[in-house]
Amino acid sequence: MTIIHISAECYPVAKVGGLADVVGALPKYQKSSEDNSQVIMPFYDNKFTKENAFTTVYSNNVTLGNNLIGFNVLTLTEKPLDFDVFFIDIPDLLFREYVYSSDDTERFLAFQIAALDWLLTWDNYPDIIHCHDHHTGLIPFMLQESYKYEAFRKIPNIVTIHNAQYQGWFSHLKVGLIPPFNFDHVGLLDWGGTINPLASAIKCAWHVTTVSPSYMEELKLAANGLESLLSAESDKCSGILNGIDTDVWNPETDYYIEANYNIKTVKAGAEANKKFLCDTFNLDFEKPLFAFIGRLVGEKGSDLFPEVFKEALDNNNLNILLLGSGNDFVEQQLETLKKDYIGTYNAFIGYDEKLSHIIYAGADFLLMPSRVEPCGLNQMYALRYGTIPIVRSIGGLKDTVTDISEENGFGICHNNVTISEITNAINRGVTLYKNQKKYKKTRNTIMEIDHSWHVSAAEYKNLYKSIN
Ligand code: ADP
Ligand code: GLC
């Protein structure tokens, strides 16, 4: 079976968040003697594209409304990745330093059309087209409705929703950008009076998945306006939990971290990484280290951090270290806080892949008080590195972390995103840390939990077979 993933992000080429990690790992675990799995993504102007050489395998023009825009399909000249990646190079639209920008309607429409135009030239069409999020959400519609893709009508396609908050809305005034189709079916593009690529994907895809089973259920109740659509289409919807790439995220071999370790050497290994963090960020090695890594947005509960951190630091013997960026006001508050808690609090505002790995390795607890968490990968990385997750029980966090008070529990869970519940959860962490015997036993337990992609890759395979 040939599987084609079409996505805006793919690690290590371009990453904004977990979407990249998933698309950068799943194809690797899908490849077998029977199956080939490949990725089509945009060609951005970033570190990866600067540092690698590319070969053009196809060139043509893409029609976007009345405009003809030149595009190339590129591959890596040498093959440093574990699966094939094809890059759609549209210099005027896609070749930017950032993955997302204000003209994403045109950018990602041109990307999707160019990708399909190129696939039309293949001798053997793929067996599955797997789209990810709204950036590729118009593909199921085009496969089904656009005259020029008539040859693709029988190719099963699925869409995976990584985050339903963002839907890619644009005005019907731009409908002419979509390759011609029977206008009687324009309703398949619409939700609430605008063109909604995610809604269209839910209507037209052969199957819809979310990145955890709980998130699928939650979306039927809160999906930023798509609740009734997801309920109506529930027969073709299911949740498949993400895995993690255990080659990249392995404390024993991770080249980013200060000291490698496994379950037998975790004490010394984790301590060496913690020491590095404490030296670098002026923190107190003797106190437990609570960390956060992620986007500073409402979904992650980050607007509550300034108050939560004050409360926790005033009342407890602990350190807090944050790595993230996002909302300007929150960033500014987190910066301001530094001067009041010198020696126990610090924040790195920005994006730093290496530092994130060291934090997973060196922190004692990882905070994830998310309001919405479709899956969440951070908690699974933390588990593998022996860092105890403190999570709000929602979405994928609910599916992967069991509270330590329950049978076989290992994490700290809370039900609501309030200052008092988050600080209370932190206090529970401090108490656990004081009981070093229990803390270490828990650390060993979590390092053995298997969240590798094998299980989920098998679930995707069963799904592909069932719709083929
Ligand atoms: P989301 O995709 O919603 O941001 P996930 O938990 O699925 O959340 O994945 C986030 C990914 O991005 C993880 O690999 C995490 O380590 C990484 N990440 C997020 N923010 C940063 C940052 N500021 N620096 C480095 N890595 C980050
Ligand atoms: C999204 C979600 C996150 C998920 C990731 C990968 O960014 O916010 O919860 O882990 O996609 O599927």
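Residues numbered from 1 in each chain as written. Chains lettered and ligands numbered in written order. Predicted model: local features only at pLDDT ≥ 70, side-chain atom pairs only at ≥ 80, totals over all residues. Heavy atoms only, no water.

A. Focus on the sheet that holds strand β3 (residues 54-64). Here nine strands make up an open sheet; going across it, the order is β3-β4-β5-β2-β1-β6-β7-β10-β11 and the pairing mixed. Of all the strands in the sheet, the pair left with one neighbour each is β3 and β11 (237-239). When the angles between neighbouring strand axes are averaged without regard to direction, this sheet yields 25°. Alignment of strand β4 (residues 67-76) against strand β5 (residues 85-89), held across three bridges, turns out to be antiparallel. Note that in β5 the partner of Val-73 across the bridge is Ile-88. In this fold helix α4 (residues 104-120) packs onto β1 (2-6), β2 (36-42), β3, β4, β5 and β6 (128-132), with an angle of close to 115° to the strand it touches most, β3. Sheet strands touched by helix α17 (residues 454-467): β1, β6, β7 (157-161), β10 (207-210) and β11. Its angle to β7, the strand with the most contacts, is close to 140°. (Pairing = 2+ DSSP bridges. Helix = DSSP H or I, 4+ residues; strand = E, 2+ residues; numbered from the N terminus. Axes fitted to C-alpha atoms, helices over the stretch in contact; angles between N-to-C directions. Contact = heavy atoms within 4.5 Å.)

B. View of the sheet that holds strand β12 (residues 289-296). The strand order across the open sheet formed by six strands is β14-β13-β12-β15-β16-β17, and the pairing between neighbours is parallel. Here the strands that pair on one side only, and so sit at the sheet edges, are β14 (345-349) and β17 (412-414). Across the sheet, the axes of successive neighbouring strands diverge by a mean angle of 15°, strand direction being ignored. Across the sheet, helix α10 (residues 305-315) lies against β12, β13 (319-326), β14 and β15 (365-368), angled at about 175° from β13, the strand it touches most.

C. Looking closely at the pattern of salt bridges. The final tally for this structure, using the stated rule, is 25 salt bridges. We note a salt bridge from Glu-271 to Lys-267, for which the minimum N-O separation is 2.9 Å. Of the two residues, Glu-271 and Lys-267 both sit in helix α9 (residues 266-281), four residues apart, roughly one turn of that helix. Overall, the relative accessible area of 42% leaves Lys-267 in the partly exposed class. Between Glu-335 and Lys-338 there is a salt bridge, with its nearest N and O atoms 2.9 Å apart. Among the charged side chains, a network of salt bridges with common partners joins Lys-28, Asp-82, Asp-245 and Asp-247. (Salt bridge = Lys/Arg side-chain N within 4 Å of Asp/Glu carboxyl O. Buried < 20%, exposed > 50% of the residue type's maximum accessible area, 1.4 Å probe, protein only.)

D. Looking closely at the packing of aromatic side chains. All chains considered together, the criterion is met by 28 aromatic pairs. Judged by centre distance (4.8 Å) and plane angle (55°), the ring pair of Phe-86 and Trp-118 falls under tilted. On the criterion of sequence distance, the pair formed by Phe-86 in strand β5 and Trp-118 in helix α4 is long-range, its members being 32 residues apart. The pair Phe-86 / Trp-118 is uniform in exposure class, with both members buried. Ring geometry for Trp-249 versus Tyr-381: centroids 3.6 Å apart, planes at 15°, classification stacked. (Phe/Tyr/Trp six-rings, centres within 6.5 Å; stacked < 30°, edge-to-face > 60°.)

E. Quick look at the site of ligand 2. Contacts to ligand 2 come from 13 residues, most closely from His-162, Asn-242, Glu-373, Cys-375 and Gly-376. His-162 is positioned with one of its side-chain polar atoms (N or O) 2.7 Å from an oxygen atom of ligand 2. One of the backbone nitrogen or oxygen atoms of Gly-376 is found 2.8 Å away from an oxygen atom of ligand 2. Calculation on ligand 2 without its partners gives an accessible area of 310 Å², and the protein chains cover 92% of this total. Residue contributions to the shell around ligand 2 peak at three residues, all from helix α1 (residues 18-23). Taken together, the residues that form the shell around ligand 2 break down as six nonpolar, five polar and two charged. Per-domain counts for the shell around ligand 2 show at least three residues from each of domain 1 (2-243 + 454-467) and domain 2 (266-449). (Near = heavy atom within 4 Å. Polar contact = N/O pair within 3.5 Å; in protein donor to acceptor, adjacent residues only side chain to side chain. Areas by Shrake-Rupley, 256 points an atom, 1.4 Å probe, with all protein chains shown as cover. Nonpolar A, V, L, I, M, F, W, Y, C, P; charged D, E, K, R; others polar. Domains from an automatic or database assignment.)

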